[in-house]
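# A structural walkthrough
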Amino acid sequence: MNGEAAAPGLVRAGLDAGATAAIIGLYDSVSRVFGELIGNPPQHVAWVPGRLEVFGTHTDYAGGRTLVAAVPRGFAFVAARRTDGLMSVADATDGERVTVNPLEASPRFRGWRRYVEVAAERLARNFPGADLGADIVFASNLPRASGLSSSSALVVGIATTLVRLAGIRARPEWTANVSGRLDEAAYYACIENGLSFGALGGDAGVGTHGGSEDHAAMLCSTPGAMSAFAFVPMRHLETVPVPPDWRFVIASSGVTAEKTGSALEAYNRLAHGAQVLVELWNHEEAPQPSLAALLSSDRGAFDRLRTIVERSSVPGWSAEALLRRLEHFAAEDRRVLEAVRAFSDADVAAVSALARASQQDAEGLLGNQTEETVTLVRTALDAGAFAARSFGAGFGGSAWALTDGDGASSLAERWVSAYRARCPAGSGSVAFVAAATPPAAVLEHVE
């Protein structure tokens with residue numbers, strides 16, 4: 001299936017003409033490479049978008065809330081079954097390939113290949129005997145390691161492709177544990193972070209102790225709108241349309257937000273801090289499953305937890321560091337519902353204030369910002385955006401900016417130009433106008 005043949009499916013999925021035109025080239029690439037490598041036409045064609053995090057940074061794994069949307073950039077997948085039980089996966093953009101045996105449960109790869117390996121091995125473990133042999137080709141127009149969740153989109157694309165090709169949805173293990181899109185998104189998040197999901201046992205995952213907001217946005221978003229979710233367990237809270245005369249513009253910092261080495265340790269430390277807070281509470285108070293559940297258990301929970309932290313001694317953690325983590329979570333989690341109201345009212349001043357406070361807390365309390373991401377937000381405001389903030393895991397990545405619809409393209413140009421002039425390390429920065437788009441979709445599947 002080339003781009004021309006894929007276009008009607010993209011439109012049926014809810015993508016507008018502009019977004020579809022930008023994606024058609026991806027299907028031309030994957031179709032060409034699939035034909036060169038395999039020869040036969042694909043049996044499965046799918047689209048998986050990237051994710052915009054509007055509010056809710058580092059809240060999902062702690063049971064908190066997020067406000068997210070799908071973006072008009074992502075991954076094109078084509079695939080077909082193969083008979084030898086092996087998976088061959090190729091990136092049509094750069095020609096890189098990997099062959100994975102899903103039954104070999106040992107880490108052998110790095111980079112994007114590791115995500116493919118983890119997805120295959122988890123499905124093989126949770127669904128014994130499933131025929132996961134497949135040829136898969138993908139291409140993406142998401143900037144890699146830019147905070148737009150390209151790694152999660154790859155996991156979702158590989159997992160959904162294998163689930164369909166292998167008929168896993170009909171298996172009793174699936175029907176007993178996965179009911180609907182929310183469960184499916186939560187399960188794919190557990191493939192990535194290694195946690196168990198119901199009776200579907202976990203493993204080491206890819207090594208990041210992340211949550212489920214990326215997967216929720218990719219599978220459960222609404223065109224033209226943002227979706228508010230809460231987690232542990234995942235549940236949909238509200239859907240709020242983007243005001244019709246507002247536009248999101250996204251710009252990458254050009255600094256990769258790789259979750260490896262010291263960056264992985266810093267990312268996982270934020271997740272660990274939330275868990276330490278829960279453990280301290282559960283040692284003295286009625287046990288709670290998450291930081292969000294703890295703080296909502298009664299009106300005095302926040303102050304009591306502060307007191308517990310101040311008198312506790314935790315190896316590797318100062319009381320000040322834990323209190324910063326607590327303050328950030330409580331404020332950012334609360335901002336999600338405040339943002340839903342502000343977007344519902346198209347309240348420019350309120351959204352601007354919320355974005356400014358969120359950015360300040362990310363810099364001062366969470367500590368996950370770099371010089372480049374801070375500059376990216378400031379140059380967006382200087383270029384005329386009425387609100388801006390960085391988003392994602394941090395330690396690199398991207399930022400969003402809001403402006404009126406007529407000025408979105410010109411803002412993107414001014415923004416990137418000003419940012420590159422201020423930050424030489426950001427020479428690879430790219431910007432694009434990002435309407436809220438539909439979730440992942442199967443464009444064609446041959447049984």
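Below, the structure is looked at part by part. (Residues numbered from 1 in each chain as written. Predicted model: local features only at pLDDT ≥ 70, side-chain atom pairs only at ≥ 80, totals over all residues. Heavy atoms only, no water.)

### Quick word on the pattern of salt bridges
Counted under the stated rule, the structure contains 23 salt bridges. Notably, a salt bridge pairs Glu 173 with Arg 171, separated by 2.7 Å at the nearest N-O pair. Between Arg 304 and Asp 298 there is a salt bridge, with its nearest N and O atoms 3.0 Å apart. One salt-bridge network, held together by shared partners, links Glu 53, Glu 332, Arg 335, Asp 361 and Arg 389. (Salt bridge = Lys/Arg side-chain N within 4 Å of Asp/Glu carboxyl O.)

### Let's talk about unusual backbone geometry
Cis rather than trans, the peptide bond between Val 232 and Pro 233 has omega equal to 0°. When you line up the elements, Pro 233 lands in the loop between strand S6 (225-230) and strand S7 (235-241). With a phi close to 55°, His 58 is a non-glycine residue in the positive phi region. Summarising the element assignment, His 58 is placed in the loop between strand S1 (44-55) and strand S2 (65-81). Here His 58 falls in the buried class, since its relative accessible area comes to 4%. Its identity as a non-glycine residue notwithstanding, Ala 346 has a phi of 50°, on the positive side. The topology assignment puts Ala 346 in the loop between helix H11 (319-344) and helix H12 (348-366). (Helix = DSSP H or I, 4+ residues; strand = E, 2+ residues; numbered from the N terminus. Buried < 20%, exposed > 50% of the residue type's maximum accessible area, 1.4 Å probe, protein only.)

### Some words on the packing of aromatic side chains
Scanning the model with the defined rule gives 15 aromatic pairs in all. Both rings, one in Phe 55 and one in Trp 400, keep their centres 6.0 Å apart while their planes meet at 75°; by these two values the pair is edge-to-face. Remark: Trp 400 occurs in strand S10 (residues 398-404) and Phe 55 occurs in strand S1; sequence separation between them is 345 residues. In this structure Trp 400 comes out as buried when scored by relative accessible area, which is 0%. Here the aromatic rings of Tyr 187 and Tyr 188 are separated by 5.9 Å at their centres, their planes lie at 45°, and the arrangement is tilted. Accessibility assignment for this pair places Tyr 187 and Tyr 188 in one class, buried. Three or more aromatic residues link up through ring pairs in this structure, and these residues are Phe 55, Trp 246, Phe 248, Phe 343, Phe 386 and Trp 400. Positioned above the aromatic ring of Phe 432 is the side chain of Arg 73, whose terminal nitrogen or guanidinium carbon lies 4.4 Å from the ring centre. (Phe/Tyr/Trp six-rings, centres within 6.5 Å; stacked < 30°, edge-to-face > 60°. Lys NZ or Arg CZ within 6 Å of the ring centre and 35° of its normal.)

### Description of the packing of helix H13 (residues 371-382) against helix H14 (residues 408-422)
Two measures define how a pair of helices packs: the angle their axes make with one another and the distance between the axes. It is the contact of H13 with H14, at a shortest axis distance of 9 Å, that shows an interaxial angle of 135°. Classified by the angle their axes make, H13 and H14 are oblique. In this structure, the crossing between H13 and H14 has a hand that is right-handed. Residue-level contacts link Glu 372, Thr 375, Leu 376, Thr 379, Ala 380 and Asp 382 of H13 to Leu 411, Trp 415, Ala 418, Tyr 419 and Arg 422 of H14. Considered class by class, the residues forming the contact of H13 with H14 number six nonpolar, two polar and three charged. (Axes fitted to C-alpha atoms, helices over the stretch in contact; angles between N-to-C directions. Parallel < 35°, antiparallel > 145°, perpendicular 65-115°, else oblique. Left-handed = near helix turned anticlockwise from the far one by under 90°. Contact = heavy atoms within 4.5 Å. Nonpolar A, V, L, I, M, F, W, Y, C, P; charged D, E, K, R; others polar.)

### What about the packing of helix H6 (residues 180-193) against helix H7 (residues 213-220)?
Here H6 crosses H7 at 140°, and the two axes come no closer than 8 Å. Judged by the angle between their axes, H6 and H7 are oblique. The way H6 lies across H7 gives a crossing that is right-handed. Across the interface between the two elements, Arg 181, Leu 182, Glu 184, Ala 185, Tyr 188, Ala 189 and Glu 192 from H6 touch His 215, Ala 216, Leu 219 and Cys 220 from H7.

### A few points about the nonpolar core
Core analysis: the biggest nonpolar cluster contains 85 residues, and Phe 55, Leu 67, Leu 123, Ile 158, Phe 248, Phe 343 and Trp 400 have the highest contact counts within it. Ranked by the residues each element gives to this core, the list is headed by helix H4 (residues 150-165), at nine residues. Apart from the residues lying within four places of it in its own chain, the contact partners of Phe 248 are Leu 52, Val 54, Met 226, Val 242, Phe 343, Trp 400, Ala 401, Leu 402, Phe 432, Val 433 and Ala 434. If you look at the next biggest cluster of nonpolar residues, it comprises 27 residues, including Leu 294, Ile 308, Ala 321 and Leu 326. (Core = buried A, V, L, I, M, F, W, Y, C linked by side-chain atoms within 4.5 Å.)

### Topic: the pairing of S7
Alignment of S6 against S7, held across six bridges, turns out to be antiparallel. What sits directly across from Ser 227, in S7, is Thr 239. Between S6 and S7, which pair antiparallel in sequence order, lie four residues; one of them, Val 232, sits at a positive phi of approximately 55°. (Pairing = 2+ DSSP bridges.)

### So, the side chain of Thr 373
Mapped onto the fold, Thr 373 is located in helix H13. The buried category is assigned to Thr 373, whose relative accessible area is 1%. Only 3.0 Å separates the side chain of Thr 373 from the backbone nitrogen of Thr 370, close enough to count as a polar contact. (Polar contact = N/O pair within 3.5 Å; in protein donor to acceptor, adjacent residues only side chain to side chain.)

Keep in mind that these numbers describe shape and distance, not what the molecule does.
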